[in-house]
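# Fold and geometry: a report
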Amino acid sequence: MSSAATTAAQSAQQSAPEPAPASAVTESPTAAAAVAAAAAAAQGAAAEGAVARPAADYSGYKLIPARHPWRWVGTVVVALGVVAVAWSLATNPRWEWGVVAQWFTAQSVVNGLGETLKLTAISGALGFVLGFILALMRLSASPLLLSVSWTFSWIFRATPLLVQMLLWYNLGYLYEKISLGIPFTDIRFFEVQTTTLISQFAAAVLGLTLNQAAYSAEIIRGGILSVDQGQLEAAAALGIPAWRRSTRIVLPQAMRAILPTAFNEIIGLVKGTSIVYVLAYSELFYTVQVIYNRTQQVLPLLLVATLWYVAITSVLSIFQYYIERHYSKGAVRNLPLTPLQKARKFFATHAAVNPDRAKDVR
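Model, not experiment: these values are computed from the prediction.

## What to know about the pairing of strand 2 (residues 188–193)
Here strand 1 (residues 177–181) runs beside strand 2; their pairing, made up of five bridges, is antiparallel. In the sheet register, K177 faces strand 2, and the bridge partner there is Q193. Following strand 1, the chain reverses through six residues before pairing antiparallel with strand 2; F184 in that reversal takes a positive phi of roughly 65 degrees.

This is the structure:
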């Protein structure tokens, strides 16, 4: 075993390459640097060739727009329907547009319109104030406040508005007098006959206000609950007072959820005032009824009322747009354009003169 190992070691030594001379070892760094420089030069030449290569020319390609055949079919069908309705309104003599124009601005109709707006403003303001209080009661930790608020909303949302109107108008049958004093004693500070206090106007305002408050309470409560509770916890950790947290943090964000539904309620309240006709109160719809019962021009007078309701709701929709736009700050990067800004942008971008200088109007 030892002689075989010795023979293998000797043969390995004989086959191993001789060490390189000192001059070769000394010159190897220079050669390596030369090789690296040559490689860098080659890469630079390749990069210059890549940069100098011309870009592909796409000018000969034909642009084909996306086709939407069903969109055009739907547009044509709807356009034909709109034209048919407009043609019917313009050519059917039974609409009696002359009668509509005659009564549209009549003094009695305008007076009825004023009463409708007065009922809407008073009942809407009082209803939302009371609804805000009920919403805070519903969110309270007090079981009594929570129960009273829930019961109020349950009762007034469960009964028809017509029934509520008639109930308040006939309150004098249940309570002959309404007094204010110290409970469970004979001390009275104020006392009046119920039939004197609850007039047609008072019954209408009372019924509309309480009914509106029941719905407003749920709308406001839902808006408050939509705000992330983590923001309140962070504000409380920073030492911000509770009132400032509510008015500066919760309310602005809750308004984004409250406003759309609240304006729907106000628009519904405008139309809901027409139910006051059961009390013989001279609002818009009752006034129109009195006129067409006398003239027998039912459809034209109903159209007069319809056009006034459309005008009122259109104005409210404009107010809704601008108020929602105001409260959308912080929720969107860019505020939506107003109708005037959209019109200016359209004319600026479609100007026939010097279209290259058209600017985006903000």
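After that view of the structure, there is still more to cover.
## Describing the nonpolar core
Within the largest apolar cluster, 22 residues are counted, with the highest numbers of intra-cluster contacts made by L119, F152, L208 and V276. Where this core is concerned, the elements lending two or more residues are helix 5 (107–138), helix 6 (143–158), helix 7 (161–169) and helix 10 (200–225). Element by element, the count of residues in this core is highest for helix 10, at eight residues. Excluding its chain neighbours within four sequence positions, the residues that come into contact with L208 are L119, S123, L161, M165, L269, G272, T273 and V276. Membership of the second largest hydrophobic core comes to 21 residues, among which are W103, L113, L303 and V304.

## Quick look at the packing of aromatic side chains
The relative placement of two aromatic rings is captured by the distance of their centres and the angle of their planes. One pass over the full model with this rule turns up seven aromatic pairs. Relative to W308, the ring of F104 lies with its centre 4.4 Å away and its plane at 0 degrees, an arrangement referred to as stacked. With a gap of 204 residues between them, F104 in helix 4 (residues 97–104) and W308 in helix 14 (residues 298–327) connect regions that are remote in the sequence. By relative accessible area, F104 is classed as partly exposed at 23%.

## What to know about the packing of helix 5 against helix 12 (residues 242–272)
Contact geometry for helix 5 and helix 12: axes closest at 9 Å, N-to-C directions at 140 degrees. For the element pair helix 5 / helix 12, the angle class is oblique. Both helix 5 and helix 12 take part in a crossing whose hand is right-handed. Note on element contacts: helix 12 touches helix 5 through A262, E265, I266, L269 and V270, opposite T116, T120, S123, G124 and F128. Among the residues making up the contact of helix 5 with helix 12, the classes are represented as five nonpolar, four polar and one charged.

## Remarks on the confidence of the model for the chain
Of the residues in the chain, 80% have a pLDDT of 70 or more, and the chain-wide mean is 81. A low-confidence stretch, residues 1–29 (pLDDT under 50), is modelled with one contact involving residues beyond four sequence positions or located in other chains. Considering only residues more than four positions removed or in separate chains, one finds that residues 357–362, a stretch of pLDDT under 50, has eleven contacts.

## Description of the environment of Y309
By the element assignment, Y309 lies in helix 14. In contact with Y309, not counting residues within four places along its chain, are T116, V270, S274, E283, L284 and F285.

## Topic: unusual backbone geometry
Non-glycine residue E96 carries a positive phi angle of around 55 degrees. In this structure E96 comes out as partly exposed when scored by relative accessible area, which is 32%. Positive phi is not limited to glycine here, since Q296 has a value of about 65 degrees. Along the polypeptide, Q296 turns up in the loop between helix 13 (284–295) and helix 14. Given a relative accessible area of 60%, Q296 falls into the exposed group.

## Thoughts on helix 12
End to end, helix 12 covers just 37 Å across 31 residues, shorter than the expected 45 Å (1.5 Å per residue, more than 12% under). At I258, helix 12 shows its largest bend, some 45 degrees, and a proline, P260, comes one to four positions later.

## Focus: a nonpolar patch on the surface
A cluster of nonpolar side chains, namely L180, I182, I187, F189 and F190, defines an oily patch on the protein surface of about 510 Å² accessible area. Structurally, the position occupied by F190 is in strand 2. Classification of F190 by relative accessible area gives partly exposed; the value is 43%.

## A look at the pattern of salt bridges
For the structure shown, the criterion picks out three salt bridges. A salt bridge links E115 to K118; the nearest nitrogen and oxygen atoms lie 3.3 Å apart. Residue E115 and its partner K118 are both found in helix 5; the two are separated by three residues, about one turn of the helix. By relative accessible area, K118 is classed as partly exposed at 35%. Residue R221 pairs with E218 through a salt bridge whose shortest N-O separation is 2.8 Å. Of this pair, R221 and E218 both sit in helix 10, three residues apart, which is roughly one turn of the helix. Classification of E218 by relative accessible area gives buried; the value is 19%. Each of R138, E218 and R221 takes part in salt bridges that share partners, so that together they form one network.

Analysis parameters
- Residues numbered from 1 in each chain as written.
- Predicted model: local features only at pLDDT ≥ 70, side-chain atom pairs only at ≥ 80, totals over all residues.
- Heavy atoms only, no water.
- Pairing = 2+ DSSP bridges.
- Helix = DSSP H or I, 4+ residues; strand = E, 2+ residues; numbered from the N terminus.
- Core = buried A, V, L, I, M, F, W, Y, C linked by side-chain atoms within 4.5 Å.
- Buried < 20%, exposed > 50% of the residue type's maximum accessible area, 1.4 Å probe, protein only.
- Contact = heavy atoms within 4.5 Å.
- Phe/Tyr/Trp six-rings, centres within 6.5 Å; stacked < 30°, edge-to-face > 60°.
- Axes fitted to C-alpha atoms, helices over the stretch in contact; angles between N-to-C directions.
- Parallel < 35°, antiparallel > 145°, perpendicular 65-115°, else oblique.
- Left-handed = near helix turned anticlockwise from the far one by under 90°.
- Nonpolar A, V, L, I, M, F, W, Y, C, P; charged D, E, K, R; others polar.
- pLDDT = per-residue confidence, 0-100.
- Expected span 1.5 Å × (residues − 1).
- Bend = angle between axes of the 7 residues up to and from the residue.
- Patch = residues over 30% accessible without salt bridge, like charges linked within 9 Å, V, L, I, M, F, W, Y side chains within 5 Å.
- Areas by Shrake-Rupley, 256 points an atom, 1.4 Å probe, with all protein chains shown as cover.
- Salt bridge = Lys/Arg side-chain N within 4 Å of Asp/Glu carboxyl O.

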